[in-house]
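# Coordinates in review
What follows is each chain in one-letter form.
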Amino acid sequence: FQAVDIEFTGNDTIIVSSVINPGIFRGVRQYGIWLFSYVEPREIATYISHAGSGTFYAGSLGKGVFKTTNKGLTWSIQRNNLYAHTLISQGAASYPSVDTVFYAIGLGGTVYRIKNYGANYDTLKNFLLMGSAVESAPTNPNFLIVSCADAQVSGMTFSMGTIFTSSDGGQNWTKVDSTYMPTDFLITRNPNIIIGLCDTFLIRSTNGGTNFIPVFAKPASLSNLAGLDTIFVATDDSVFVSYNRGATWQFLTIDPGEGTDEISYDNNQKILYLTDVPIYRYRLLSGILDSIMFNGYYNFATDVAPNGSLYFLYYGDTLYIARSFNTGNTIEQEPFPISHFFGGLLACNNALFYYEGGRRFWVSTDITQTIKEESTRKDMPLFFVPALVKKNSYAKVVLGINLNQHQRCSINLYDVSGRLAKEIYKGVLNPGIHNIDFSTRGLNSGVYFWGIETGEGFKTAKMVVY
């Protein structure tokens, strides 16, 4: 068991909090032999305290406080908002999908599926211990890979496994490796090609997680993996890139800051972000390395959503969450609801998660609706613009504009980099309400900005194409 604590509940009964087999066991002594039953398997339990009349409390590494009123036969959770204990490192969570389903693996080896903006948790598997990485395939959400330590017994044969895969969403698992124990995984668009990060070297599989081989090594520790088919990894002072899904690697750029703790990549705009102060921005298409200026003195967490929205946390006079929908050219910020940090960001198109390592999750689902819109005059004409529009819609989408005088009007749609994506209207309009039709045909998913100019000024508004 590797017991943390043992308490007697009677002359011949005990309860044991355990690390190796995470949870609580109840032992009964019969004829000099102790027989044990697994009474609480949900999480590594810590110390146990007797509260009288058959009541005991037990701590845990993150599930909260366990309580029993029947001498350890059954246990209930008194606090259940500490699920982020599963995320000790960034690799212990998969990349969130558009519908905000992602996976996490705890230090105790428990795999969770997290759904509905964190409202629901499904326990998929309790491995033996030491969960360190989990990832789901971007093109097949039912394919999962985890890094952990688990024992398997077949007859009289005992074996250990370190990497396991599932092809049915975590219901059944297959051992595929017993040599490496990565702290992060990256699955490319081809789910057969998987990269694993093992501190100072990378491993690669070309057949769905089996037969990993080392492909890249450095004396210094490597940070997290970023990218999809073009893949990046960083040391303390340099960033390296693979253009062939991890088969070969080459030097990309030197980190001009004090050291890169984290990298994230915008697959749409081909921009790599290096977490530092300031945040450095490497434009892959042009090879230009510049920086994003903000009023912070310590930035520690950055992530990019699939649609290119950039988020980061930093300290100014307090802790701030910042976001940018145009690759960092303009930044919006507001105080973060907690005053300390230990964790990181997980960004998807419809929500932003922050995990407080060892403690809990925070989630925001108003990541687009609360963005302030700018205008050159407060008395600009009233515009009606759709906030959410379906991609490749052949049906007409209506933009409304209410003018108070006869004037010229120009309406354009720009992408997050400021490039003209579509010219919607250019001409002269009479006073009154006008409905202007357009289609998203030809547009990629992501964030766009309306630019509406009349004789009275200029106004911007935001739209998300999904």
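Conventions and cut-offs
- Residues numbered from 1 in each chain as written.
- Predicted model: local features only at pLDDT ≥ 70, side-chain atom pairs only at ≥ 80, totals over all residues.
- Heavy atoms only, no water.
- Helix = DSSP H or I, 4+ residues; strand = E, 2+ residues; numbered from the N terminus.
- Buried < 20%, exposed > 50% of the residue type's maximum accessible area, 1.4 Å probe, protein only.
- Contact = heavy atoms within 4.5 Å.
- Areas by Shrake-Rupley, 256 points an atom, 1.4 Å probe, with all protein chains shown as cover.
- Pairing = 2+ DSSP bridges.
- Axes fitted to C-alpha atoms, helices over the stretch in contact; angles between N-to-C directions.
- Core = buried A, V, L, I, M, F, W, Y, C linked by side-chain atoms within 4.5 Å.
- Patch = residues over 30% accessible without salt bridge, like charges linked within 9 Å, V, L, I, M, F, W, Y side chains within 5 Å.
- Salt bridge = Lys/Arg side-chain N within 4 Å of Asp/Glu carboxyl O.
- Phe/Tyr/Trp six-rings, centres within 6.5 Å; stacked < 30°, edge-to-face > 60°.
- Lys NZ or Arg CZ within 6 Å of the ring centre and 35° of its normal.
- Lys, Arg positive; Asp, Glu negative; His and termini not counted.
- Polar contact = N/O pair within 3.5 Å; in protein donor to acceptor, adjacent residues only side chain to side chain.
- pLDDT = per-residue confidence, 0-100.

## Side note on the overall build of the chain
Helix and strand counts for the chain stand at zero helices and 42 strands. In the chain, buried positions account for 52% of the 466 residues. Sequence-distant contacts, at least 24 apart, represent 42% of the contacts inside the chain between residues at least 6 apart. Total accessible area computed for the chain in this model is approximately 21,200 Å², and 50% of it derives from carbon and sulfur atoms.

## Points about the sheet that holds strand β34 (residues 360-364)
Within the open sheet, the three strands sit side by side as β32-β33-β34. Their pairing is antiparallel. At either margin of the open sheet sits one strand with a lone partner, and together these are β32 (343-347) and β34. Here the average twist between neighbouring strands, direction ignored, is 20°. The pairing of β32 with strand β33 (residues 352-356) spans five bridges and is antiparallel. Its bridge partner lying in β33, Leu346 is registered against Phe353.

## Some points on the nonpolar core
Soluble globular proteins tend to bury their nonpolar side chains together. Counting 24 residues, the largest nonpolar core has Leu87, Ile105, Val111, Phe127, Val146, Trp173 and Leu346 as the members making the most contacts within it. For this core, the elements supplying multiple residues, two or more each, are β9 (102-105), β10 (110-115), β13 (140-154) and β33. Ranked by the residues each element gives to this core, the list is headed by β9, at four residues. By size, the runner-up hydrophobic cluster in this structure holds 19 residues, among which are Ile401, Ile436, Trp450 and Ile452.

## Topic: a nonpolar patch on the surface
On the surface, Leu61, Leu107, Met130 and Met181 cluster together into a nonpolar patch covering about 310 Å² of accessible area. Of note, Leu107 is situated in the loop between β9 and β10.

## A short note on the pairing of strand β22 (residues 238-242)
Buried residues dominate β22, accounting for five of its five residues. Alternating residues of β22 divide into Ser238, Phe240 and Ser242 and Val239 and Val241, and every residue in both groups is buried. As judged from the four bridges shared by strand β21 (residues 231-234) and β22, these two strands associate in the antiparallel manner. Each residue of the ladder has a partner; that of Val233, found in β22, is Phe240. The hairpin formed by β21 and β22 contains three residues between the paired strands. The sheet contact formed by β22 and strand β23 (residues 250-254) spans four bridges and is antiparallel. Residue pairing across strands places Ser238 opposite Ile254, the latter belonging to β23.

## Quick notes on the sheet that holds strand β27 (residues 288-292)
The strand order across the open sheet formed by four strands is β24-β25-β26-β27, and the pairing between neighbours is antiparallel. The open sheet has two edge strands with one neighbour each: β24 (263-266) and β27. The sheet shows a mean angle of 25° between the axes of neighbouring strands, taken without regard to direction. Strand direction decides the pairing type here: strand β26 (residues 279-283) and β27, joined by five bridges, are antiparallel. Pairing of Tyr282 across the sheet is with Leu289, part of β27.

## Quick notes on the pattern of salt bridges
Counted by the stated rule, this structure contains eight salt bridges. With its nearest N and O atoms 3.0 Å apart, the salt bridge here joins Asp290 to Arg281. With relative accessibility at 5%, the residue Arg281 sits in the buried group. Where salt bridges share partners, they join Arg113, Lys115 and Asp122 into one cluster.

## Some details on the packing of aromatic side chains
Under the criterion given, the structure shown has 15 aromatic pairs. Measuring from centroid to centroid gives 5.2 Å for Phe216 and Phe240, while their planes differ by 55°, and the two rings are tilted. Taken together, the positions of Phe216 in strand β19 (residues 213-217) and Phe240 in strand β22 put the pair 24 residues apart, joining distant regions of the chain. No difference in accessibility class separates Phe216 from Phe240, as the two residues are buried. What links up through ring pairs into an aromatic cluster is the set Phe216, Phe240, Trp249 and Phe251. For Lys125, the ring lying beneath its charged end belongs to Phe127, and the centroid distance is 5.4 Å.

## A look at the side chain of Asp266
Here Asp266 lies in strand β24. The charged side chain of Asp266 is buried without a salt bridge, its nearest counter-charge being Lys270 at 7.9 Å. Of the polar contacts made by the side chain of Asp266, one reaches the backbone nitrogen of Asn268; its length is 2.9 Å. Beyond its immediate stretch of four places on either side in the chain, Asp266 contacts Ile271, Tyr273, Val304 and Gly308.

## Some points on the environment of Asn350
Tracing the backbone through its elements, the reader meets Asn350 in the loop between β32 and β33. When the C-alpha atoms of Asn350 and Thr365 are compared, they prove to be 6.3 Å apart, with 15 residues separating the residues in sequence.

## A look at the side chain of Arg323
Inspection of the secondary structure puts Arg323 in strand β30 (residues 319-324). Separated by 2.9 Å, the side chains of Arg323 and Glu334 make a polar contact.

## Description of the confidence of the model for the chain
Across the chain, the average pLDDT comes to 83, with 87% of residues at or above 70. Segment residues 369-379: pLDDT under 50, and 19 contacts once partners within four positions in sequence are set aside and those in other chains are kept.

## With respect to unusual backbone geometry
The bulk of non-glycine residues show a negative phi, and the bulk of peptide bonds are trans. Within the chain, Lys270 stands out as a residue other than glycine whose phi angle is a positive 60°. Along the polypeptide, Lys270 turns up in the loop between β24 and β25 (271-274).

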